[in-house]
Amino acid sequence: MISGNVIEVKDLKTYFFTSRGVVKAVDGVSFRLKEGETLGLVGESGCGKSITCLSILRLVPRPAGRIVSGEIIFDGENLLSKSEKEMRHIRGRRISMILQDPMTSLNPVLTIGDQVAEPVRIHQNLDKIMVREKVKEMLRLVRIPSPEVRMREYPHQMSGGMRQRIVGAMVLSCQPQLLIADEPTTSLDVTIQAQFLRLLKEIQQQSNLSMIIVTHDFGIVAKVCDRLAVMYAGKIVESADVRDLFNNPIHPYTKALLNSLPKMEVKVDKLFSIEGQPPELHDLPPGCSFAPRCSEEKEICKKAYPPQSVVKDGHNVCCWLHT
Amino acid sequence: MGDLERSQRVTNISWLAKRNSVSKIRTAMRKAPWVSVVILIVFLVCGLFGTFIMPHDPLKTNFTETLNPPFWQEGGSLRYFLGTDYMGRDILSRLIQGAGISMQVGFIVITLAGILGTVVALLSGYLGGWVDTILMRITDTFLSMPYLMIAIALAAVLGPSKNNIILILVILGWAGYARVLRGEVLRVKEGDFVRLAIVAGCSKTRIMLRHIFPNIVNTLVVLATLQLGIVIIMESSLSFLGLGVPPPEPAWGSMCADGRLHIFNAWWICFWPGLVILLVVLSANLLGDWLRVRLDPKFRQL
Amino acid sequence: MLRYILKRFIQAAICLLGISIIIFMLSHLSGDPALLMSPPEATPEDIDQLRMTLGLNEPFHIQYWVFISNAVQGDFGESIRWGKPCLEVWLSRFPNTLLLGGVAMLFTIIVGLPTGMISAVKLGSWFDNFGKTFALMGQSLPVFWVGLMLILFFSVVLGWLPTSGMGSWRHLLMPAFTLGWYFTASLARLSRSAMLDVLDSEYIKMARIKGVPESLVIAKHALRNALVPIVTLAALNLITLINGTVITETVFNWPGIGRLIVDSIFARDYPLVQTCVLIASALFIFTNLFVDILYAYIDPRIRYQ
């Protein structure tokens, strides 16, 4: 591993070729993640967070979508130069992912046990009895009561919170090095959300798991993440340690996002929201994509995209206000 | 990376990209099934104005000109363009008159079955409760009947005639509309504008007619177009068996039945009617499919 | 599960009862059976006597009750044309239709199902375009014309296959193909649609994320879920197969039930027509029932309702 990084994404570009134009869903994204660290990927809907995650696993929907350029260095090797067969061995075994909706993530016609056992059966050479024990162990790990009984049941017999935990068991059964979670708690009840996050954190501490959590909820970021990257229109506009970012946001978009969180102590007449709409990704204006909505916009913002500059160690931003 | 490099990159990639909204409309129009529309228009014209365009009298027999082949084969002539049958009748003229029959039966059936089905769907979907249960049970019974068996049984009882065929096909056809449209009514019913109408004091009939019906018209049009093909096939199948429009009227199906007996020496008698059925039904299906995609992209049915 | 089966069984029985009433009413509208069954030289008194023996003077519901109780025991009356019990006539022809139908179904499943599924998996490829065209053509062609064109090509032009009748395997080919044609196209369209829906779902994405090989994703995860809607709709479309036998058997002179019905109608042999239609309806309803139960087995969510 190079400098203790589990994964390093360099200038990743994933485009979708549609009849309406080229949609630049991911347009030059770069970040790093160390072992045991949790990165939060934050942004509005449609900014490219989910596609970034799918790109890492090389599961971008075809034929419209394609990874156009960049590098994804995982454990010293570039994932983009691997064959499909090699990627299959990595998926589920070394990199894994949780999707947003637990209600549809599990196959309705297969038993829980069958689905949790599947990655184990595919990636590891264990006999039937050991596989069953492993499944029970994983279900216990995610706090599913009476796993022997649950194993034989079907997904529709479980609640949403339980299903998400089962997905967790399924996804961690081969002890991956990296877990990507795409809005894992958005579809859950608020009380269940907290439980689930706590569970993830515990598992992470036990096994030194690295995580990328995609979310639009800063509350989750504050609780679970070490570092944070803010995305807008396919690019990362600011990235930093969580503390740093909350204390010292530089990019106007980051500042606006943090401002839109209602604060309990402050009384306001009108809730703050960012004016305008996210841009159409096939029709991006030249220059900084946030410029049309930026309150501190300057002339140069409309002409050219700002290069990345360092605010301090670990804190980067792409903004003409700070060069 | 500067502006220039970036715009060069875009041009390189744009081999798959198209321009903006102007081309959107053009693409949609280009994909329209123009051939189908033309074929259906020809069909309509033959049906409505057939008597003016046919070269000969379709019912007039002429025993000196029996079994003439189509014009490009030896023994054929341009006078009897597609050939003649075993009674010396001109095939082309018979085809044109047959178009009239199929058209009449087709359009009347889809109209009547459509009206009946829509009324049932509106009442059943909007009123709900026991009205819904009873109507749906009836609909299901009608849907689960093997149509040809019943059509044959009815045709046997009532006797073959054009009106009877229309009656039979309407009886068998309305249920399909009712079931699908009821689903649409249920969906539209949930819209807030319906609730507003109720709050404003509209009567149930008014709501059904002025608010719900216009929103299901799209589906109705698609269904009717697709049904046209089905009705034509059913009518020609019944005519083929001798239970449909009776001779001497040249229904396409009965022409094929006639042709069967002469298939060894006069292949054209049963070839042309079937081909015409294929063209019309195919066009109706293609048009219906295109309409379905255009009018409601979320309409995912089989 | 058992409760579900029982419930559906009762529903099926009620449906069948309803249809039998309709059929019974229809055939009694079609003319005076006594008149039909009497020889031409019969006197009015003879006809009256026959009417009494047949119980035609009884009130309607008594007649129906007699009809139904006899039918349940297997007595469907006597065929006017053949002079034998209707059931016997039916039984003598049914195996032929069964043979034809069986081969046609085989053809349908072997060709239609994989065509649709491969089309879905290889969306947009030449195979998909071919498959879609095939399905569209299949549903736009009248069955009788398919049969006629086959005869034209294979019997008249090529002389390879016989035009009609039953006998060797050569006689079976064209009728089976004709019968199965519509349903094959329909099934191809259906399975493509169902497969596309399934391939779009989150759990398929999850399976790929887990590293499941693509062949297993299709065979294990997608297939079983796709079969659920396919089986239901395929069963509903089974009617077209039953309908198709009438036309196919007429075109090819195949001695089965379909042709029996048509011949009997023209011969005014109403008891036989009644028998055939009733049995066909019963077969159809109970096939539906069987499929519903199969459906409940494949999709565990249904069982728990």
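Residues numbered from 1 in each chain as written. Chains lettered and ligands numbered in written order. Predicted model: local features only at pLDDT ≥ 70, side-chain atom pairs only at ≥ 80, totals over all residues.

Any chance you could explain the overall build of chain B here in plain terms?
Of the regular secondary structure elements, chain B holds 11 helices and 0 strands. Sequence-ordered secondary structure for chain B, helices as α and strands as β, is α-α-α-α-α-α-α-α-α-α-α. Each of the 302 residues in chain B was classed as buried or not, and the buried ones make up 42%. Restricting to contacts in chain B with at least 6 residues of sequence separation, those with at least 24 account for 69%. (Helix = DSSP H or I, 4+ residues; strand = E, 2+ residues; numbered from the N terminus. Buried ≥ 20, exposed ≤ 12 C-beta atoms within 10 Å, placed from the backbone. Contact = placed C-beta atoms within 7 Å.)

Sorry if this is basic, but what is going on with the overall build of chain C here?
In terms of regular secondary structure, chain C is built from 13 helices and 0 strands. Reading chain C from its N terminus to its C terminus gives the helix and strand order α-α-α-α-α-α-α-α-α-α-α-α-α.

I keep staring at the sheet that holds strand E2 (residues 21-34) of chain A and nothing clicks. Help me out?
Each strand in a sheet pairs with its neighbour through backbone hydrogen bonds, running either in the same direction (parallel) or in the opposite one (antiparallel). All names here are of chain A. Read across the open sheet, the 4 strands follow the order E2-E1-E4-E5; overall the sheet is antiparallel. Edge strands, defined here as strands with exactly one partner in the open sheet, are E2 and strand E5 (77-78). Where strand E1 (residues 5-18) and E2 come together, 10 bridges link them in antiparallel fashion. Looking at E2, one finds that glutamate 8 is bridged to arginine 32. (Pairing = 2+ DSSP bridges.)

Teacher, can you tell me more about the interface of chain C and chain B here?
Reports often express the size of an interface as the amount of accessible area lost when the parts come together. Taken together, the contact between chain C and chain B spans 38 residues of the former and 29 residues of the latter. Listed by contribution, the elements that provide at least two residues to the side of chain C that touches chain B are helix H1 (2-29), helix H6 (126-140), helix H7 (143-157), helix H8 (169-199), helix H10 (214-252), helix H11 (257-266) and helix H12 (270-298) of chain C. The element contributing the most residues to the side of chain C that touches chain B is H10 of chain C, with 8 residues.

Would you take a moment to explain the pairing of strand E3 (residues 38-42) of chain A for this structure?
All names here are of chain A. Counting buried positions along E3 yields 5 of 5 residues, so the element is predominantly enclosed. Along E3, one buried face is formed by Thr38, Gly40 and Val42 and the opposite face, lined by Leu39 and Leu41, is buried too. In the sheet, E3 pairs with strand E8 (residues 210-215) via 5 bridges, with the strands oriented parallel. Bridge pairing links glycine 40 to isoleucine 213 in E8. Alignment of E3 against strand E9 (residues 227-232), held across 4 bridges, turns out to be parallel. In the strand pairing of E9, glycine 40 is matched with leucine 228.

Got a minute to help me understand the environment of threonine 66 of chain B in this structure?
All names here are of chain B. Position of threonine 66 among the secondary structure elements: in the loop between helix H3 (34-53) and helix H4 (91-127). With 23 residues separating them in the primary sequence, threonine 66 and arginine 89 have C-alpha atoms 7.4 Å apart. Excluding anything up to four places from it in sequence, threonine 66 contacts Thr84, Tyr86, Met87 and Gly88.

Just to check I follow, could you spell out the sheet that holds strand E7 (residues 178-182) of chain A for this structure?
Residues and elements named next belong to chain A. Ordered by their spatial adjacency, 8 strands build an open sheet running E6-E7-E8-E3-E9-E10-E12-E11, and the pairing between neighbours is mixed. Looking at the sheet topology across the chains shown, the edges are occupied by strand E6 (95-98) and strand E11 (309-312). Strand-to-strand twist in this sheet, taken as the mean axis angle between neighbours without regard to direction, amounts to 20°. By the bridge criterion, 3 bridges tie E11 to strand E12 (residues 315-317) in an arrangement that is antiparallel. Paired with lysine 312 across the strands is histidine 315, a residue of E12. (Axes fitted to C-alpha atoms, helices over the stretch in contact; angles between N-to-C directions.)

Please explain H7 of chain C as it appears in this structure.
One turn of the α-helix equals 3.6 residues, which is why residues spaced by three or four share an orientation. All names here are of chain C. Over its 15 residues, H7 runs 20 Å from end to end, which matches the ideal 21 Å to within 8%, given 1.5 Å per residue. Within the sequence span of H7, burial applies to Val143, Phe144, Trp145, Val146, Gly147, Leu148, Leu150 and Ile151. The positive-phi residue at the C-terminal boundary of H7 is glycine 159, with phi of around 70°. (Expected span 1.5 Å × (residues − 1).)

Before we go on, may I ask you to explain H6 of chain C in this structure?
If you check H6 of chain C, its first and last C-alpha atoms are 21 Å apart, about what 15 residues at 1.5 Å a residue would give, namely 21 Å. Every buried residue of H6 of chain C is accounted for by Gly131, Ala135, Gly138, Gln139 and Ser140 of chain C. Taken together, the buried residues of H6 of chain C touch helix H9 (204-241) and helix H11 (268-295) of chain B together with helix H5 (86-121) and H8 of chain C.

Just to check I follow, could you spell out the packing of helix H7 (residues 162-189) of chain B against H9 of chain B for this structure?
For any two helices packed against each other, one specifies the crossing angle of their axes together with the interaxial distance. All names here are of chain B. The N-to-C vectors of H7 and H9 enclose an angle of 155°; their axes lie 9 Å apart at closest approach. Comparing their axes, H9 and H7 come out roughly antiparallel. Handedness of the H7/H9 crossing: right-handed. On H9, the residues that touch Ile165, Leu169, Gly173, Tyr177, Val180, Leu181, Glu184, Val185, Val188 and Lys189 of H7 are Ile212, Asn215, Ile216, Thr219, Leu220, Leu223, Gln227, Val231, Met234, Glu235 and Leu238. Class assignment for the residues of the contact of H7 with H9 results in 14 nonpolar, 4 polar and 3 charged. (Parallel < 35°, antiparallel > 145°, perpendicular 65-115°, else oblique. Left-handed = near helix turned anticlockwise from the far one by under 90°. Nonpolar A, V, L, I, M, F, W, Y, C, P; charged D, E, K, R; others polar.)

Help me understand the packing of helix H10 (residues 252-261) of chain B against H11 of chain B, please; the structure alone is not making it clear to me.
Residues and elements named next belong to chain B. Relative to each other, H10 and H11 sit at 150°, their axes nearing to 7 Å. It follows that H10 is roughly antiparallel to H11 by the angle criterion. When you trace H10 past H11, the crossing you get is left-handed. Residue-level inspection shows Trp252, Met255, Cys256, Asp258, Gly259 and Arg260 of H10 in contact with H11, the latter providing Ile269, Cys270, Pro273, Gly274, Val276 and Ile277. Split by residue class, the contact of H10 with H11 holds 8 nonpolar, 2 polar and 2 charged.

Just to check I follow, could you spell out the nonpolar core for this structure?
The nonpolar side chains of a soluble globular protein tend to be buried with one another. All names here are of chain B. Counting residues in hydrophobic clusters, the biggest one holds 236 residues, and the most contacted among them are Ala151 and Ile152. Counting residues per element, this core draws most heavily on H9, which supplies 16 residues. With sequence-adjacent residues up to four places away left out, alanine 151 is seen in contact with Ile168, Leu172 and Leu238. (Core = buried A, V, L, I, M, F, W, Y, C linked by C-beta atoms within 7 Å.)

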